[in-house]
Every structure is written in structure tokens, then in C-alpha cells.
Amino acid sequence: MRLSRYFLPVLRENPSEAQIVSHRLMLRAGMIKQAAAGIYSWLPLGFKVLRKLENIVHEEQIRAGHIPMLMPTLQSADLWRESGRYDAYGPEMLRIRDRHDRDMLYGPTNEELITDIFRTHVGSYKDLPLTLYHIQWKFRDEIRPRFGVMRGREFLMKDGYNFDLTKEDALHAYNRHLVSYLRTYERMGLQAIPMRADSGPIGGDDTHEFLVLAETGESEVFYDSAVTDIRLGEREIDYDDVAQCRAVMEEFTALYARTDETHDAALFAKIPEARRRSARGIEVGQIFYFGTKYSEPMGATVQGPDGAQVPVHMGSHGIGVSRLVGAIIEASHDEKGIIWPEGVTPYHCGIVNLKQGEDAADAACERLYGALVAAGLEPLYDDRDERAGGKFATMDLIGLPWRITVGPRGLKNGVVELTSRRTGQSEELPPEAAVARLVEIYAGQPDPAGV
Ligand code: ATP
Ligand code: MG
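These lines cover the structure that appears in this document, whether it is placed above or below.

**So, the sheet that holds strand E19 (residues 349–353)**
Phase 1: With mixed pairing, 5 strands are arranged side by side in an open sheet as E20-E19-E21-E22-E23. Only two strands of the sheet have a single partner each, and these edge strands are strand E20 (379–382) and strand E23 (426–429). On average, each strand axis in the sheet is tilted by 20° relative to the strand beside it, whichever way the strands run.
Phase 2: Pairing of E19 with E20, which is carried by 4 bridges, proceeds in the parallel orientation. Its bridge partner lying in E20, Gly350 is registered against Leu380.
Phase 3: Packed on one face of the sheet, helix H12 (residues 388–398) meets E19, E20 and strand E21 (402–406) and runs near 175° to E19.

This is the structure in C-alpha cells:
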């Protein structure tokens, strides 16, 4: 992409309405624009990041054997009356009436809708296990939408639902989700720690939230600092291997890590003092096992092996996709702007032409641009007729992990400059070598293909 043809409305001033750094940087970098309280338009740069996160989520869900689909944002109130949640949900649910006076709602979550699909089409235990998911906009009329996309009213969520014959099978689905979520967050360059949590309006006994530690997080958390040393890394996971998924779940949840709702001061006190931490965190996902809470009242049963009808065991599992954009920025920025992890960056590198309009510099940038594209990378070329300082400031603000600077002085010696956004370190090398270096860097970060 050439910046002269792109739409990147960066702001020079700090927007006064933004209280936290991710909100400020998303507005300044031209990623979002508020449409109404807690409702945002995603401008091109923000949309690109959002899409990358969505695609990573799809890839990891599909890898875990979960099946993508799409349910609508608007739902009929009737289904929610069946489960008893139409009245129970409270003012966070946006209730709508259509022209025929039918009660509708903008879905805050989808347990009822998916259970209805299941009961209509699945009748035998032979069709289980089954996990369906979608990535769709949700609406919750939050009392205090704030922090930009972190606590919006309209937000993008991946929500998945497992249907199993037995509690044991459903707990395997729970563990499978836990493992696939760990993988998802690690690919996004994030550490999200599973913490024992409270189930809230979804209900159920077993639930973990995934928290990214950050001072601006809205959740209060307590944990043993040793949990921050555990990584999934590159290990091979067989999602059908019940014992392996359970072992990973146990490894990640054995140490004390809880949100304030389930915090137990006596247990916490047993951790060696030097490892006791209380901090703040951003909830980026949650998994639930809730058994037959929805299947029973809604009649989602299957015929079991002995011929009897039994309600299925279910769980639901959510990732806050739009919130993650903010969470990644909270975890990765400096005073100049965003620093995208390579796995989610909107463009792989920036090209800054120090002498726009000069034949040699322009030609070198064009060649470089073409070579990067031919190598399968997406560069963002700042080809505007602007001062170098302004171009550098824009690149630093929007946070591409790598920048190639092309100027007449370097070109005389046949070199360009490759700079890491994270370390600030630069290296002079021939343009072909810069391309080869970037290809190597991104080889370990294949672009997610989506569904
Ligand atoms: P919170 O406690 O932050 O209100 P929740 O526990 O009610 O969230 P879940 O039902 O667990 O939310 O939804 C799954 C995920 O969706 C959450 O982990 C979070 O990342 C995201 N999410 C929930 N509410 C919002 C919101 N208002 N804005 C953006 N993302 C949200
Ligand atoms: Mg939650």
C-alpha cells in the first residue's frame, strides 16, 4: 500500500476523551472513530488488525476441530423466554420491537440460538461430540462504556458452544478450548493467564477467564508469579488426545491465579511471600462448562446408546476479539506509539523515502516495494512529499515492527537502513538483503488465512 493512496487519518493532538493509552493510540493512529457511546467505526488500519486477529482465532479453532458458522446479531425474544433469561438478563440487553410488535433483541451472547439449532438438527449421540462457533458482533448496553474498544457496547466476540453426551466429554471440550485459547493468545504476542473466575449470567460451575496483566485492566487479580513463566510454545498438540489436553490444562491452572470474585485469602497466603502478586488484568476470554443448564429447559436432548433421551452437556467459550486490539496495544507500546507484535501487524514493514521526488530515491523505493510484494509481504510505503521527521513520527505511531529507510546518502553506498520498532536498532544493508531478512523474520509468523 502506498500511503498517498491510503486512508490513514492520524491525529497530532492527544484526544482529550481517551483515558488509557490504547484508546489514545487507536484514535491517534486513525484506527477507529467513535460513532456513538461505546460504538465504533473501524477505519482501514484498525480493520486490518481486527481481521488478522479474527483470522488467527479461526485458524486455531479449526485446528482444534471446532466448526465455524454464523448466527445473526438480532434474535427473537421467544427463545430467551424458554431459557428464562429474557427477564433475568437485565438492562444490559438491548431490547427491540419490530413493526409487528414482536419482541427482539440484539444478542449479548448466543446460548439460546445455538441450542435451538442443535435441538432442531441433532438427535443421536452418534452425532456427538460437536463444537460450533462463530465470530459475530454482540451488543451489551454497558452502564459505563469506556476505554475505547476495551469496554464497548457493540463488540466483536468469538463464541463457541460444545455439545457432548457426558460431563466427561464436555470437560475434554473445556480443556481443548483452554489449550486452543492459549495458542491463540501466544500467536498474538500476548501472555493471557487462565484464572479461576465467577460464571456471572452465563451460569455453571467450571469457568476460567484469560487475563492479560496490565495496569489499566479492569479486573483485580491475585496470582503466584510462577504462572507467568509457563508457555505453550511450539509443542505439538493433539486435540483428540484427552490426557494431553487435560495435562496442559492442569499445568496452566495448578498454581494459584484468581480474579477478585473467587479470591481466597487463606489459600493465597500459602504461596511463598516473594511470589505473591496482586495486580490488574484485562479479561480477553472466558470458558465455561455449564452442563445441562440450557439443554434441559430447552429440550436439547439426544438419544443415548441405551435408547433413552438425555439432555446434552454443554459449555460456551468466548474470546473478546475487538477488545484484544486494545489489549495488545496496552501490552506493547512506548511513548512514541504502538509496537505491533509481528503476528498481528497490519503491514509487515514501512518504507520511508527520505527524498520523495528525487529520481534515484523514488526508483529504489519502487524496486524495494516490488521485491517485498513479490516475496509475499505487505509493505506500507510512505511516498508522501513530507519531511523525514513527520514520516518517522507516523511510522512510530502506527507501530509497524520494521521500517526500511531509503535516502540518497545510503543509496550512494548501495544500502538502505532496516530499523526495529521495538529496539530502535538500525542496520545498513543492501536492499535485497533487507528483503531477505524480513522474509526470514516473517517465515515464523505465517499470515493467517482465515476461514
Ligand atoms: P466483562 O466482565 O469484562 O464485562 P464478561 O465476563 O461479561 O466481560 P463474557 O461473557 O465472558 O464477558 O464475554 C467473552 C469475552 O468478550 C470477554 O472475555 C471479553 O474479552 C469480551 N467482552 C465482554 N464484554 C465486552 C465489552 N463490553 N467490550 C468489549 N469486549 C467485551
Ligand atoms: Mg467473562
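**A look at the packing of aromatic side chains**
Phase 1: Counting across every chain of the model gives 11 aromatic pairs.
Phase 2: Every member of this aromatic cluster is reached through a ring pair, and the members are Tyr181, Tyr185 and Phe210.
Phase 3: Seen from the ring of Tyr347, Lys48 lies directly overhead, with NZ or CZ sitting 4.5 Å from the centre.
Phase 4: The ring centre of Tyr86 lies 4.7 Å from the NZ or CZ of Arg95, which sits over that ring.

**Looking at the site of ligand 1**
Phase 1: The full set close to ligand 1 counts 14 residues, and Arg140, Glu142, Arg151, Gly152 and Glu283 are the nearest of them.
Phase 2: Within the side chain of Glu283, an N or O atom sits 2.6 Å from an oxygen atom of ligand 1.
Phase 3: The separation between an oxygen atom of ligand 1 and a polar side-chain atom of Arg323 is 3.0 Å.
Phase 4: Look at ligand 1: alone it shows 580 Å² of surface, and the protein chains cover 84% of it.
Phase 5: Spatially, ligand 1 is embedded in the largest pocket.
Phase 6: At the level of elements, strand E8 (154–164) and strand E13 (276–291) are the ones that each hand at least two residues to the shell around ligand 1.
Phase 7: Across the shell around ligand 1, the residue classes tally to 5 nonpolar, 4 polar and 5 charged.

What counts and what doesn't
Residues numbered from 1 in each chain as written. Chains lettered and ligands numbered in written order. Predicted model: local features only at pLDDT ≥ 70, side-chain atom pairs only at ≥ 80, totals over all residues. Heavy atoms only, no water. Pairing = 2+ DSSP bridges. Helix = DSSP H or I, 4+ residues; strand = E, 2+ residues; numbered from the N terminus. Axes fitted to C-alpha atoms, helices over the stretch in contact; angles between N-to-C directions. Contact = heavy atoms within 4.5 Å. Phe/Tyr/Trp six-rings, centres within 6.5 Å; stacked < 30°, edge-to-face > 60°. Lys NZ or Arg CZ within 6 Å of the ring centre and 35° of its normal. Near = heavy atom within 4 Å. Polar contact = N/O pair within 3.5 Å; in protein donor to acceptor, adjacent residues only side chain to side chain. Areas by Shrake-Rupley, 256 points an atom, 1.4 Å probe, with all protein chains shown as cover. 1 Å grid on protein atoms, 1.4 Å probe; cavity = no way out; pocket = protein on both sides within 12 Å on 5 of 7 lines; lining within 4 Å. Sits in = over half its atoms within 2 Å of the grid points. Nonpolar A, V, L, I, M, F, W, Y, C, P; charged D, E, K, R; others polar.

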